[in-house]
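The residues making up each chain are set out below.
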Amino acid sequence: MSYRSILPLPIAMFLLLAACVPAREDVPALIRRQSQEFSDASASGNARVLAKYLDERVLFMNEGGDMPSARDIIDGAQPPPAGTSNHLVQEDFRIELHGGVAVTSFTDVSTVQFHGQTLHAKYLSTEVWLRGPGGWKMISSQTMAAQDDPPAVKLPRETLEEYVGVYAAGSDYTYRIECDDGELTGTAQGGKPSPLKAELRDVLFTPGQPRTRKIFQRDDTGRVIGFISRREGHDVVLRRVVS
């Protein structure tokens, strides 16, 4: 036997120990997988997976502003009703590691089948995961629904002209609506005009601002006398001061 084929003992021991050490855990990939599995379980009503990943003290806020406990989420898990399904795919996933804490953000893209119709929605989420003896568990989650502009309708030009004028909220705020070639614009306090679109008759919105609607008011003769600027259920009333 040639001694040249035998490794020195220290090197052999080092290689043996190295072979016994597990590969370094890819935490970002692990958290991303678990997060997607949690979304899948939320969509399908899989209580077992939800229980696997939820810390019992999780602070959880859903897109409606409700804050269910871990037990509420698990016990309330149900498969979608007959004729419906929901498929969630995470996009724009980001993660920051702080030792045994992982903070993530992502967009859940939802595709819902509802009795032959297909609906789409997006939900923006941030989550916090904590590493413990049982692995990585979710200790915080907050979700908000991404809002889209409603479909716009085409109103007759004579209807659009009825909205033209200057509206005031108090003595120090004015909003001017103008119509040019069948297109409405609104200008607040003499600033830059913004386009206005009709969601339906007497309900206007500004593209890119789906949280707000302008709901027009009429008197007994049908004449426009003002509008309500409604943002998420809260109203500011503007009265028409110049036709």
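Bringing the packing of aromatic side chains into the picture now. According to the stated counting rule, one finds eight aromatic pairs in the structure shown. Arranged with centres 6.0 Å apart and planes meeting at 70 degrees, the rings of Y53 and W129 form a pair that is edge-to-face. Of this pair, Y53 sits in helix α3 (residues 47-53) while W129 is found in strand β4 (residues 117-132), placing the two residues 76 residues apart along the sequence. Residue class for Y53 comes out buried when judged on its relative accessible area of 2%. One aromatic cluster in this structure is built from Y163, Y167, Y175, F216 and F227.

Our focus in this paragraph is the sheet that holds strand β2 (residues 84-98). One open sheet holds the five strands; their spatial order is β1-β5-β4-β3-β2, and the pairing between them is mixed. Across the chains shown, the open sheet's two edge strands, defined by having one partner strand only, are β1 (54-61) and β2. Neighbouring strand axes in the sheet, compared pairwise and without regard to direction, differ in orientation by 20 degrees on average. Pairing of β1 with strand β5 (residues 135-146), which is carried by four bridges, proceeds in the parallel orientation. The partner of L54 across the bridge, within β5, is M138.

Another aspect to go through is the environment of R131. With respect to the helices, strands and loops of the structure, R131 is situated in strand β4. Among the residues examined, R131 registers a relative accessible area of 40% and is labelled partly exposed. When the C-alpha positions of R131 and V101 are compared, they lie 6.4 Å apart, and in sequence the two are 30 residues distant. Once residues lying within four places of it in the same chain are set aside, the contact partners of R131 are E25, V27, G99, G100 and W136.

Cut-offs applied
- Residues numbered from 1 in each chain as written.
- Predicted model: local features only at pLDDT ≥ 70, side-chain atom pairs only at ≥ 80, totals over all residues.
- Heavy atoms only, no water.
- Phe/Tyr/Trp six-rings, centres within 6.5 Å; stacked < 30°, edge-to-face > 60°.
- Helix = DSSP H or I, 4+ residues; strand = E, 2+ residues; numbered from the N terminus.
- Buried < 20%, exposed > 50% of the residue type's maximum accessible area, 1.4 Å probe, protein only.
- Pairing = 2+ DSSP bridges.
- Axes fitted to C-alpha atoms, helices over the stretch in contact; angles between N-to-C directions.
- Contact = heavy atoms within 4.5 Å.

This is a description of form; function is not addressed.
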